[in-house]
Amino acid sequence: MTEPVRLASVGLGWWGGRLAEAAREAGFPVVCGFARTPSAREAFAQSHGCRTAATFDEVLSDPDVEGLLLATPHSMHVTMIEEAAAAGKHVFVEKPFTLTVAEAKRAVSAVSQAGIVLQVGHNRRRQPGMRRLKSMVDKGELGMIHHAEANLSNPRGLNPRSGWRADPAESPAGGMTGLGVHMIDNLHYLLGPVARLSAFSKQIVRVSRLDDATTIMLEFESGPLAFIGTSMVIPDVAMTAAFGTEAAAWNDGDGSRFYVQKAGETERKEVPVDVLDTVRDELEEFARCIRDGERPETGGAEGLEAVAVFEALVESAASRRVVELDEIRSRG
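So, here's what we can say about the structure. (Residues numbered from 1 in each chain as written. Predicted model: local features only at pLDDT ≥ 70, side-chain atom pairs only at ≥ 80, totals over all residues. Heavy atoms only, no water.)

**Some details on the overall build of the chain**
1) Next: Per the secondary structure count, the chain includes 10 helices and 15 strands.
2) Next: The C-alpha radius of gyration computed for the chain amounts to 20 Å, which stays within 12% of the reference 20 Å derived for 332 residues, consistent with globular compactness.
3) Next: For the C-alpha atoms alone, the extent of the chain along its principal axes is close to 60 × 45 × 40 Å.
4) Next: Taking all 332 residues of the chain together, the buried fraction comes to 54%.
5) Next: Long-range contacts, defined as pairs at least 24 residues apart, comprise 67% of the intrachain contacts of the chain with a sequence gap of at least 6.
6) Next: Of the accessible surface of the chain, which amounts to about 14200 Å², a share of 51% is contributed by carbon and sulfur atoms.
7) Next: Placing the 36 positive and 46 negative side-chain charges of the chain at their respective mean positions leaves the two points 2 Å apart. (Helix = DSSP H or I, 4+ residues; strand = E, 2+ residues; numbered from the N terminus. Rg over C-alpha atoms; globule rule 2.2 N^0.38 Å. Buried < 20%, exposed > 50% of the residue type's maximum accessible area, 1.4 Å probe, protein only. Contact = heavy atoms within 4.5 Å. Areas by Shrake-Rupley, 256 points an atom, 1.4 Å probe, with all protein chains shown as cover. Lys, Arg positive; Asp, Glu negative; His and termini not counted. Charge placed at Lys NZ, Arg CZ, Asp CG, Glu CD.)

**Some remarks on unusual backbone geometry**
1) Next: Across the junction of Lys-95 and Pro-96, the peptide omega takes the value -10°, indicating a cis bond.
2) Next: Tracing the chain through its elements places Pro-96 in the loop between strand 5 (90–93) and helix 5 (101–114).
3) Next: One non-glycine residue, Arg-206, adopts positive backbone phi at about 60°.
4) Next: When you line up the elements, Arg-206 lands in the loop between strand 8 (194–202) and strand 9 (213–220).
5) Next: A relative accessible area of 58% means that Arg-206 is categorised as exposed.
6) Next: In the Ramachandran plot, Arg-320 falls in the positive-phi region, its phi being about 60° despite a non-glycine side chain.

**A look at the sheet that holds strand 3 (residues 51–52)**
1) Next: Within the open sheet, the 6 strands sit side by side as 3-2-1-4-5-6. Their pairing is parallel. A single partner strand is all that each edge strand has here, and the edge strands are strand 3 and strand 6 (118–120).
2) Next: The pairing of strand 1 (residues 7–10) with strand 2 (residues 30–34) spans 4 bridges and is classified as parallel. Looking across to strand 2, one finds that Ala-8 is bridged to Cys-32.
3) Next: Contacts from helix 2 (residues 38–48) reach strand 1, strand 2 and strand 3 within the one sheet, and its direction differs from that of strand 2 by about 165°. (Pairing = 2+ DSSP bridges. Axes fitted to C-alpha atoms, helices over the stretch in contact; angles between N-to-C directions.)

**Topic: the pattern of salt bridges**
1) Next: Taken as a whole and assessed by the stated rule, the structure comprises 28 salt bridges.
2) Next: With a shortest N-O distance of 2.1 Å, Arg-126 and Glu-285 are connected by a salt bridge. With a gap of 159 residues between them, Arg-126 in the loop between strand 6 and helix 6 (128–139) and Glu-285 in helix 8 (residues 278–292) connect regions that are remote in the sequence.
3) Next: Under the relative-accessibility criterion, Glu-285 is labelled buried at 9%.
4) Next: For Arg-329, the salt bridge is made with Glu-305, and the minimal N-O distance between the two is 2.6 Å. Of this pair, Arg-329 sits in helix 10 (residues 325–329) while Glu-305 is found in helix 9 (residues 300–319), placing the two residues 24 residues apart along the sequence. Like Glu-305, Arg-329 is buried. (Salt bridge = Lys/Arg side-chain N within 4 Å of Asp/Glu carboxyl O.)

**Things to note about the layout of surface pockets**
Rolled over the atoms, a probe sized like a water molecule indicates the empty space that remains.
1) Next: By volume, the second largest pocket is sized at about 240 Å³.
2) Next: In terms of lining, the second largest pocket is formed by 14 residues, of which the most central are Val-111, Ile-116, Val-117, Leu-118 and Arg-295.
3) Next: Of all elements in the fold, only helix 5 and helix 9 reach the threshold of two or more residues within the lining of the second largest pocket.
4) Next: With 3 residues, helix 5 is the largest single contributor of residues to the lining of the second largest pocket.
5) Next: Residues of the lining of the second largest pocket, tallied by class, amount to 7 nonpolar, 5 polar and 2 charged. (1 Å grid on protein atoms, 1.4 Å probe; cavity = no way out; pocket = protein on both sides within 12 Å on 5 of 7 lines; lining within 4 Å. Points joined across faces, edges and corners; volume = space filled by probe spheres on them. Nonpolar A, V, L, I, M, F, W, Y, C, P; charged D, E, K, R; others polar.)

**Looking at the state of the cysteines**
1) Next: All told, the structure shown has 0 disulfides when counted by the stated rule.
2) Next: With no disulfide of its own, Cys-32 lies closest to Cys-50 among cysteine sulfurs, the gap being 6.5 Å.
3) Next: Cys-32 sits in the buried class, given a relative accessible area of 2%. (Disulfide = S-S within 2.5 Å.)

**Thoughts on the packing of aromatic side chains**
1) Next: A full pass over the atoms with the stated rule returns 4 aromatic pairs.
2) Next: Between Phe-243 and Trp-250, the aromatic rings sit 5.5 Å apart at their centres with planes inclined by 85°, giving edge-to-face as the arrangement.
3) Next: Relative accessible area serves as the criterion here: at 12%, Trp-250 is assigned to the buried category.
4) Next: For Lys-134, the ring lying beneath its charged end belongs to Tyr-189, and the centroid distance is 5.3 Å. (Phe/Tyr/Trp six-rings, centres within 6.5 Å; stacked < 30°, edge-to-face > 60°. Lys NZ or Arg CZ within 6 Å of the ring centre and 35° of its normal.)

**Quick word on the environment of Val-314**
1) Next: Along the chain, Val-314 turns up in helix 9.
2) Next: A C-alpha to C-alpha distance of 6.9 Å links Val-314 and Pro-172, two positions 142 residues apart in sequence.
3) Next: If sequence neighbours within four positions are ignored, Val-314 has contacts with Pro-172 and Ala-173.

**Quick word on the pairing of strand 2**
1) Next: Counting buried positions along strand 2 gives 5 out of 5 residues, so the element sits mostly inside the fold.
2) Next: The parallel pair strand 1 and strand 2, bridged by helix 1 (residues 14–26), forms a crossover whose chirality is right-handed.
3) Next: Sheet analysis places strand 2 next to strand 3, joined by 2 bridges and oriented parallel. Counterpart to Cys-32 in the pairing with strand 3 is Arg-51. (Right-handed = clockwise from strand over helix to strand, strands pointing away.)

Right, dumping it as structure tokens:
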């Protein structure tokens, strides 16, 4: 039997805990936890039965740690990945990979030179409904794709936020930084690279310092147009859809429901779909890649492409102009 991969959690907030739980369920231990706050470290250690590290350097120098689960502020990702690469530690990093293309290229270069595994946490493409939608698009079952839509929203912004997630420097496009970036990856997964985009991001309800509504209009190199929206103040929405000349299909309810509407039909019909713990699934892949030397599905290249779209939308919203993606991809 292959020896379980030994991981350290870095960033021990609510999502860091979710990653640790998924790793434990997958059968490999989180042996160490690090956060800047001692109380957070101790609480995490008690919950997950692991030891703590007083500094990030202590984690990197620990010979028992093979890989890191990074759930830290977005602006810290590039430096932590570079330091992890120099220490020979494999890295699973939460999305967004980085906040700029220049930072993403630095991180990709570091892990490439070190020969370590880098995986970015774009887990929603793993939903069985997204896999079905991708298969239908690729097989031509929807006809020629003309349009796609995606929306990931929830009302958490109605509750006053604190901590780094509430900092506009860490979330420069409001909910698009932590939520909508999933849908950027979903549409890239379905349709390929974006050619150009235009974005709007603003405060409407004004319950925090962050923009509470963000939308992007995109043109893909493969031809279709698309829309991505996110809001931090509306009821939960989690949907990705593709519309073609022969049919339309929706992965809805955050992967719990799937619908198809064929040309000539006036209503969409629900089709049974499996569900999957996508967080556990991506961490199982991370462990396999460490043991077998494989490349993860959402590695540096996929993370970089999502960052390019993200940086472009932030620039478009600020400048009020259409942004060409090749202009952004060339940076750094």
